[in-house]
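Chain by chain, the residues:
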Amino acid sequence: MNFVAIDFETANHRPESACSLALVLVRDNQIVDKYYTVINPQMPFDQDNIKVHQITANDVKEAPTMAEIWPEIAPLFTPGMLVVAHNARFDTNVLKRSLARYEIPEPHYLVLDSLKVAQKFEPQLPNHKLNTVSDELGIDLWHHHNALADSEACAQIIIKEVEKHGETAMKPFLEQR
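Here the structure is a predicted model, which is why all the values come from computation and not from measurement.

**Q** I tried to follow the nonpolar core on my own but got confused; where do I start?
**A** Nonpolar side chains in soluble globular proteins tend to be buried together. Of all hydrophobic cores here, the largest spans 23 residues; its most connected members are F8, L21, I73 and F77. Every element with two or more residues in this core is listed here: β1 (3-10), β2 (18-27), α3 (66-73), β4 (82-85) and α4 (88-100). Here F8 is in contact with A18, S20, L21, I39, M66, F90, D91, V94 and L95, once residues within four sequence places are set aside. Listed in part, the 21 residues of the second largest apolar core include L112, A147, C154 and A169.

Following this line, the structure appears as structure tokens:
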């Protein structure tokens, strides 16, 4: 399969407060490229969010905004491109709302949620959190809630499930954005 795995961390409870982003590019079921950046959300950080991802306002004060990052990553979000995320509703909403802040039109692309895939193919698990699924599948989630580590684990979940069940088993999970 060919896809890009995405993960955001946010500065606060608002989805438009993206403070870090990672993208992992997969071609022929192999990770071929990785991208990570912190983002200046231009809004306050919540202490609860900082406790989760360890990113502070000071860490992003010189970072680019989402509007500045978008031209670089926009080619990955076109009709027919497959974007994978664990709990995709969260990450696709962060993307949508972060772009809307800068009046950037919402892109259209295909989405595959590794959470839903894991719920279907790993029903024995007590939950389907990224760390639980990663442990079950032998994936090294080297720093949970680091966007790069999370997007790599997400990519590996799909790679492993495709290896076990085939690419056509993923088709029922595809959604259009």
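**Q** Just checking my understanding: could you explain the packing of aromatic side chains for this structure?
**A** Given two aromatic rings, their pairing is described by the distance between the two centres and the angle made by the two planes. Considering all chains together, one arrives at three aromatic pairs under this definition. Relative to Y109, the ring of F77 lies with its centre 5.4 Å away and its plane at 80 degrees, an arrangement referred to as edge-to-face. You can see F77 sitting in the loop between α3 and β4 and its partner Y109 sitting in the loop between α4 and β5 (110-113), a full 32 residues away along the chain. Since its relative accessible area comes to 4%, F77 is described here as buried. Between F121 and F173 the ring centres are 6.1 Å apart and the planes differ by 65 degrees, which places this aromatic pair in the edge-to-face class. Of this pair, F121 sits in helix α5 (residues 114-121) while F173 sits in the loop between α7 (147-165) and β6 (175-176), and the two are 52 residues apart along the sequence. Taking relative accessible area as the criterion, F121 reaches 16% and is therefore assigned buried. Connected via pairs of aromatic rings, a cluster forms that spans W70, F77 and Y109.

**Q** I tried to follow the environment of D59 on my own but got confused; where do I start?
**A** Take D59: it is sitting in helix α2 (residues 57-60). Look past the residues within four positions of D59 in its chain and what remains in contact with it is V38 and Q54. Looking at D59, its side chain comes within polar contact range of the main-chain nitrogen of T56, at 2.9 Å.

**Q** Would you take a moment to explain the sheet that holds β4 for this structure?
**A** Paired through their backbone hydrogen bonds, the strands of a sheet run either parallel or antiparallel. Sheet architecture is open: six strands sit in the order β3-β2-β1-β4-β5-β6, paired in mixed fashion. What marks the edges here is a single partner per strand, and that holds for β3 (30-38) and β6. Two elements, β2 and β3, share eight bridges in a ladder whose sense is antiparallel. Pairing of R27 across the sheet is with Q30, part of β3. Strands in contact with α5 are β4, β5 and β6; relative to β5, the strand with the most contacts, it is inclined by about 45 degrees.

**Q** Explain the pattern of salt bridges to me, please; I cannot follow it from the model alone.
**A** When charged atoms on two side chains of opposite charge get close, those side chains can pair. What the rule picks out here adds up to seven salt bridges. E16 is the partner of R14 in a salt bridge, and the nearest nitrogen-oxygen pair spans 2.6 Å. Overall, R14 belongs to the partly exposed group, its relative accessible area being 40%. By relative accessible area, which is 7% here, E16 ends up buried. Three or more residues are tied together by salt bridges with common partners; here these are R14, E16 and R97.

Cut-offs applied
- Residues numbered from 1 in each chain as written.
- Predicted model: local features only at pLDDT ≥ 70, side-chain atom pairs only at ≥ 80, totals over all residues.
- Heavy atoms only, no water.
- Core = buried A, V, L, I, M, F, W, Y, C linked by side-chain atoms within 4.5 Å.
- Buried < 20%, exposed > 50% of the residue type's maximum accessible area, 1.4 Å probe, protein only.
- Helix = DSSP H or I, 4+ residues; strand = E, 2+ residues; numbered from the N terminus.
- Contact = heavy atoms within 4.5 Å.
- Phe/Tyr/Trp six-rings, centres within 6.5 Å; stacked < 30°, edge-to-face > 60°.
- Polar contact = N/O pair within 3.5 Å; in protein donor to acceptor, adjacent residues only side chain to side chain.
- Pairing = 2+ DSSP bridges.
- Axes fitted to C-alpha atoms, helices over the stretch in contact; angles between N-to-C directions.
- Salt bridge = Lys/Arg side-chain N within 4 Å of Asp/Glu carboxyl O.

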